[in-house]
Structure formats: structure tokens, C-alpha cells
There are 2 protein chains.
Amino acid sequence: MSTAIIGLGAMGLGMARNILTAGIPMTGYDLSPDARQRFTDAGGTPRDTPEDAAKGADLLLVMVVNADQARSVLFDTDVARALAPGATVMLSSTVAPSDAREIAARLAEAGLIMLDAPVSGGQVGAEAGTLTVMASGPEAAFDRADPVLDAVAGIVHRLGDEAGQAATYKVVHQLAAGVHLAVAAELMALGSKAGCDPQTLYDIVTNAAGNSWMMSDRVPRMLVDDPPVASSVDIFIKDLGLVLQTGKDAGVALPLSAAAYQMFTAASAMGHGREDDSRVVRAYEALMGQSLKDRT
Amino acid sequence: MSTAIIGLGAMGLGMARNILTAGIPMTGYDLSPDARQRFTDAGGTPRDTPEDAAKGADLLLVMVVNADQARSVLFDTDVARALAPGATVMLSSTVAPSDAREIAARLAEAGLIMLDAPVSGGQVGAEAGTLTVMASGPEAAFDRADPVLDAVAGIVHRLGDEAGQAATYKVVHQLAAGVHLAVAAELMALGSKAGCDPQTLYDIVTNAAGNSWMMSDRVPRMLVDDPPVASSVDIFIKDLGLVLQTGKDAGVALPLSAAAYQMFTAASAMGHGREDDSRVVRAYEALMGQSLKDRT
């Protein structure tokens, strides 16, 4: 069995490292020569085109940024034709449920099967091989992907036999992640200007009913000047955009998600789009006329 | 030293039980004869008026619903005059920082000192004696309240020597608690109508980056028909109202808190104000035209 990966950013490279460590050889491709070099350093076999990476593979892991990139790499190239007949495409990018269904249908036309397999856990989980994988697709796709799932996941949720089911859970999950991050920024903004010591406020809230995973994880990054980019502001504009699209498709009004989306949009408009997503706090700082550090 | 309590609702009664269990005798008052009876059953000494309960007490714990009730019980009666000279009033209701400062100033005019001491942990924490207490006030107030704090608290945060400081931390904390609860309802609404199994969605989100204390605690109550009232929808209208007032006073725009406040307001308008606060999900159900149970 032959395995390939396309998309060697922070997430894809972390997953690739754990797959290679598990003794599964891989070919791989990324637009960035630096990413291909890091893949080589991890023991992978880079190729110069996506078709070459995919050639003859029985399993192709796709970990690009969004659905447009996934469509582009699968269908605007000869990747779908380069794969082994009946191969499985494991799509781990976060995409709208409707996009997951459409991509699966186009793969089916080419005689390929898809595992809809978005992940949660971020770069830390990707590096550690402890991702939460939400997965749906035919039994055969699960069978084919099994060794790779073992290598990258702490837990695998089997959510049905159709593409789009796992994407739905992932997008709905992102509602909470994205809004909670904006809540953390809103809380720190109010606290700092109302006279609370930021570290004391953080300690109180994270040990009480106001805690969230995002509060614990991101507030310390709000309190430093240039945090490393674990995930960017623009990624949450994408993910909350998928949340709002899913709400529109399903017929569910989402007032909190809509408000949070505006705050990420503002932070990006201010020039922080490619910075760490904790920089959403910059939009609150702009609105209150002072920074977290200038507390009164 | 003589100790009294006014306000024997779910929170006050739980705290009283732990104080009595710690061997501190107490007089107490509540408008409700049922509450006074439960206080008697717990070993307390009920009185028929707040003045009688407060008479000669060195420490008075006030656990009423809001600042208006606190002002009414302290100043529209003879309670302030009935206390021992120089007595300490421990105000544990959630009130605006400006209200805490004003009440402390009026008590000071009467020769009394105040411990601004709101709590977090809900009825469960009150019953267990594991509340988180946020406290600020003069050293003498802390000294006087010390045995009572020991009896009711898992942790006491000392947040300064002025009334209003602790109230600020508590109100800012409630921003996160209230918005996170509305987020949980928004997530369950989207998930259920987009086709997720509610229990599976809950399991995924609470074990990933989307988790919050409120998500873990309140979603199971959203999924049953008539949950016991741990805290009501109207309490969060009050608390998020204090959040918005504090934002207005400090000059901080709070778009997520404002949106969450509207959802609690709607749930109350629908007739759920005195029901469990998890019923905020009813506002989402109204907006999506189906209940969590009618999932598609």
C-alpha cells in the first residue's frame, strides 16, 4: 500500500511526521520549497508536482487550507487520475458540509472514495499525534485510512458513512472555538479597563464557571507582544464564515457567531490577519481606545 | 462574636448550612417562611424581621438577589442601626462595582465596614462549601469574616482593600459565564438542525478546543424537558445587565455580551424567566422553527 500527502503546512507536516514515525513511507507535495525540505528532513519523499506525489497512491491525505484549494489540487490537476484505481482520499481540511459532499461526488465519478476527516487539536495535537479526528465515509475508506488514523489521532469519532457528516460536526465545533476566543478577548478588554489585574483575572476565571478551553489557551498569548502564530486570525474568519454558511444552509440564526465574525474581520482589517488568532483582542483594544497594558 | 444572615435562598441557605456546621451559631431572616423553616432545620435561629436577625451581630452576611434588595434591607429598615457598633457587612450578592462602592460608603456613614464578597460556584458550590469567593475590603473586615470565609469557600481571592474591586472581578467573570451559556445553546441549535446527534456533538465538543465549563454543565440540562432550576434565565438577564452597565461605565464596547443579553431577554419574554437558565435554548429553538429534539 502506498501513501501520499498534499499540503505540508503546520498541520500537514505534523501529521506527516507521525505517519512516517509509524513506519509508513510517504510521498508528498507542497507549493512551498521550504515545506518540502522540512518533509524531507522528517524522512518523507518530496515530489515536484502534486501528480508525481499522488502517482499510484492507494491513500492520499489532503491537508490544504480550504475547499477551493482542495478542489484545485484534486481536479484542476491530474491528481485524481494519477492515484491508484479505487484509491481513498482522506480530506482533513476544514470545509463546509456542502463542499465535502460535492468533492466526494466528484471523486466518486473518478472511481475514488473519500474519507471526510477534519481534525481538531491544532499544531500541538498534530505534532504530538493526538488529534481528534471527526470522520465519515464508507467502510472501505476507514479500512484504508486505518493505519494513518492510528498514527495521527488520539481519538477518532466515526460519524456516519457519508461525506459531509464529519464536516458538519467539525464546523459546528468551530462555532464554539471561534466565539469562545472572541469572548476571551471581550472579557480581558472589559477587565483591564475596569481595573482588574489581567493575570489575577485570568487565574480567577479559568478556575471558575467562566472558563473555556480557549480562555485557558489564548489569554496568555493576548498578554504578550508577539506570540508565535499557532493559528491565524484569518483562519477563524474562514472557519466562522463556514459556520455562518452552514447556519444559512440549515436555517439557523447565529447572532453570537455573527458578532464574533465581525471582530475577527476587524482584527484582520487592522493588519493582523496573518498573526496569531489571539490578536483578535486588537479589535477590542481599538474600540476601547487603549491596550490591555494601559489598564486604568 | 455574633453572626447573622439575611437572604436564605438556594445560595444563602447553602452557605448558612456550612457556617452552622463549622460551629458558628447564626440568626437569620428571609421574606419566605419556607426558607426560614429550612434554616431552622439546618440548626439556625430564624427571626421574624431583618432587624431582629441583625440585632447585636458583629458580622452580617447579606445574600439577596441584587443591589436594590441589599439597599432596601440595609437602609430602608433599622438593620444598619441594629448591628453591633463597627460591625462588618459581608455583601455576597452580585452587584455592579458602582453599587458596591455606594453601599460601602453608606455603611461607613453608619460606622460599619463592608467586605465586598461575591461568590462563584452556584448552588452546588454553596451546598458543598467550595465556593470561589472574590473579596475586597479593609483588613478588619477580612479578619472579622475569616471563620465564615473558611466555612463557605474553596478558595478566597483577596482583591484589594476597597469595596467595588471584588464586584468588578465578579461581574467581568459573569461576562464569560453568560456568553458561554448562550454559545452552548447556539451550538446545539445549529448542530441539531444541521443533522448532528446531540449527545455525540456534546461528547466531541466537550473533549476538544470548543469546550467551556458552561458547555459541559448546561448542555445536558438543555437535552431534558424540565431540568431543576439551578439558576434562572432572569438571573443571567440581571448579571449580563451588570456586565453591560460596567462596560458603559468603563467605556468598553461589548458586542458578544450585548447579543447574549438579547437571547436571555427573548427566553424570558417567552415565559421561561424563572426556569433553569439552560432554557435560553428556547430562544434559539423559536428562531429556527424547531426544537433540539426535532432534528432533521
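For the structure itself, look to the data block above.
First, a word on what this report is: a plain description of the structure on this page. (Residues numbered from 1 in each chain as written. Chains lettered and ligands numbered in written order. Predicted model: local features only at pLDDT ≥ 70, side-chain atom pairs only at ≥ 80, totals over all residues. Heavy atoms only, no water.)

Concerning the overall build of chain A
Consideration 1: The secondary structure content of chain A amounts to 14 helices and nine strands.
Consideration 2: The C-alpha atoms of chain A give 20 Å as radius of gyration, which agrees with the globular expectation for 296 residues (19 Å, within 12%).
Consideration 3: If you line up chain A on its principal axes, its C-alpha atoms span 65 × 45 × 35 Å.
Consideration 4: Counting every position in chain A, which comprises 296 residues, the buried fraction comes to 59%.
Consideration 5: Taking contacts inside chain A between residues at least 6 apart in sequence as the whole, the part at least 24 apart equals 67%.
Consideration 6: A total accessible area of about 10800 Å² is found for chain A, and carbon and sulfur atoms account for 50% of it.
Consideration 7: Across chain A, the centroid of the 22 positively charged side chains sits 3 Å from that of the 35 negatively charged ones. (Helix = DSSP H or I, 4+ residues; strand = E, 2+ residues; numbered from the N terminus. Rg over C-alpha atoms; globule rule 2.2 N^0.38 Å. Buried < 20%, exposed > 50% of the residue type's maximum accessible area, 1.4 Å probe, protein only. Contact = heavy atoms within 4.5 Å. Areas by Shrake-Rupley, 256 points an atom, 1.4 Å probe, with all protein chains shown as cover. Lys, Arg positive; Asp, Glu negative; His and termini not counted. Charge placed at Lys NZ, Arg CZ, Asp CG, Glu CD.)

Description of the relation of the copies chain B and chain A
Consideration 1: After a rotation of 180 degrees and a shift along the axis of 0.0 Å, chain B superposes on chain A with an RMSD of 0.0 Å. Each copy turns onto its partner about a two-fold axis. Closest approach to the rotation axis within chain B is made by the C-alpha atom of B:S212, at a distance of 1.9 Å.
Consideration 2: Both copies present the same face, since 100% of the interface residues in chain B are matched by interface residues at the equivalent positions in chain A. (Least-squares fit on C-alpha atoms with pLDDT ≥ 70 in both.)

A short note on the side chain of B:D239
Residues and elements named next belong to chain B.
Consideration 1: With respect to the helices and strands, the residue D239 is situated in helix α12 (residues 233–250).
Consideration 2: Polar contacts involving the side chain of D239 include one to the side chain of K238, which spans 3.3 Å.
Consideration 3: Filtering out sequence-adjacent residues up to four positions away, D239 remains in contact with T94 and Q174. (Polar contact = N/O pair within 3.5 Å; in protein donor to acceptor, adjacent residues only side chain to side chain.)

As for the sheet that holds strand β2 (residues 26–29) of chain A
For sheets, the rule is that strands pair by backbone hydrogen bonds, running either parallel or antiparallel.
All names here are of chain A.
Consideration 1: An order of β3-β2-β1-β4-β5-β6 is seen for the six strands of this open sheet, with the pairing classed as parallel. Of all the strands in the sheet, just β3 (45–46) and β6 (113–116) have a single pairing partner and so form its edges.
Consideration 2: Across four bridges, the pairing between strand β5 (residues 88–91) and β6 is parallel. Looking across to β6, one finds that L91 is bridged to D116.
Consideration 3: Contacts between helix α6 (residues 97–109) and the sheet are confined to β5 and β6, with β6 contributing the most and set at about 160 degrees to the helix.
Consideration 4: Packed onto the sheet, helix α8 (residues 139–152) meets β1 (3–6), β4 (59–62), β5 and β6 and runs at close to 55 degrees relative to β6. (Pairing = 2+ DSSP bridges. Axes fitted to C-alpha atoms, helices over the stretch in contact; angles between N-to-C directions.)

Describing the pairing of strand β8 (residues 131–135) of chain B
Residues and elements named next belong to chain B.
Consideration 1: Most of β8 is tucked away: five of the five residues are buried.
Consideration 2: Neither face of β8 is open: one carries L131, V133 and A135, the other T132 and M134, and all of them are buried.
Consideration 3: Across two bridges, strand β7 (residues 119–120) lies against β8 in antiparallel orientation. Paired with V119 across the two strands is V133, which belongs to β8.
Consideration 4: Judged from the five bridges that link them, β8 and strand β9 (residues 153–158) form a sheet pairing that is parallel. Bridging from a neighbouring strand, T132 pairs with I155 of β9.
Consideration 5: As for the winding sense of the linkage, the β-α-β connection from β8 through helix α8 (residues 139–152) to β9 is right-handed. (Right-handed = clockwise from strand over helix to strand, strands pointing away.)

Notes on the interface of chain B and chain A
Consideration 1: Each partner contributes to the interface: chain B provides 55 residues, whereas chain A provides 55 residues.
Consideration 2: For the pair chain B and chain A, the two sides together bury roughly 4500 Å², of which 77% comes from carbon and sulfur.
Consideration 3: On the chain B side of the contact with chain A, B:Y169, B:L190 and B:L256 bury the most area, a combined 16% of that side's loss.
Consideration 4: Joining chain B to chain A, the criterion identifies zero salt bridges.
Consideration 5: Counting the contacts that link chain B with chain A gives 18 residue pairs in polar contact (both at pLDDT 80 or more).
Consideration 6: Those elements that place two or more of their residues in the side of chain B that touches chain A are β8, α9 (165–193), α10 (198–206), α11 (213–222), α12, α13 (255–272) and α14 (281–288) of chain B.
Consideration 7: Residue classes in the side of chain B that touches chain A are distributed as 36 nonpolar, 16 polar and three charged. (Buried area = accessible area lost by both parts, 1.4 Å probe. Salt bridge = Lys/Arg side-chain N within 4 Å of Asp/Glu carboxyl O. Nonpolar A, V, L, I, M, F, W, Y, C, P; charged D, E, K, R; others polar.)

Notes on the environment of A:G122
All names here are of chain A.
Consideration 1: Relative to the elements of secondary structure, G122 occurs in helix α7 (residues 122–128).
Consideration 2: On the basis of relative accessibility, which here comes to 32%, the residue G122 falls in the partly exposed class.
Consideration 3: Sequence-wise, G122 and M11 are 111 residues apart; in three dimensions their C-alpha atoms are separated by 7.0 Å.
Consideration 4: Filtering out sequence-adjacent residues up to four positions away, G122 remains in contact with M11 and L131.

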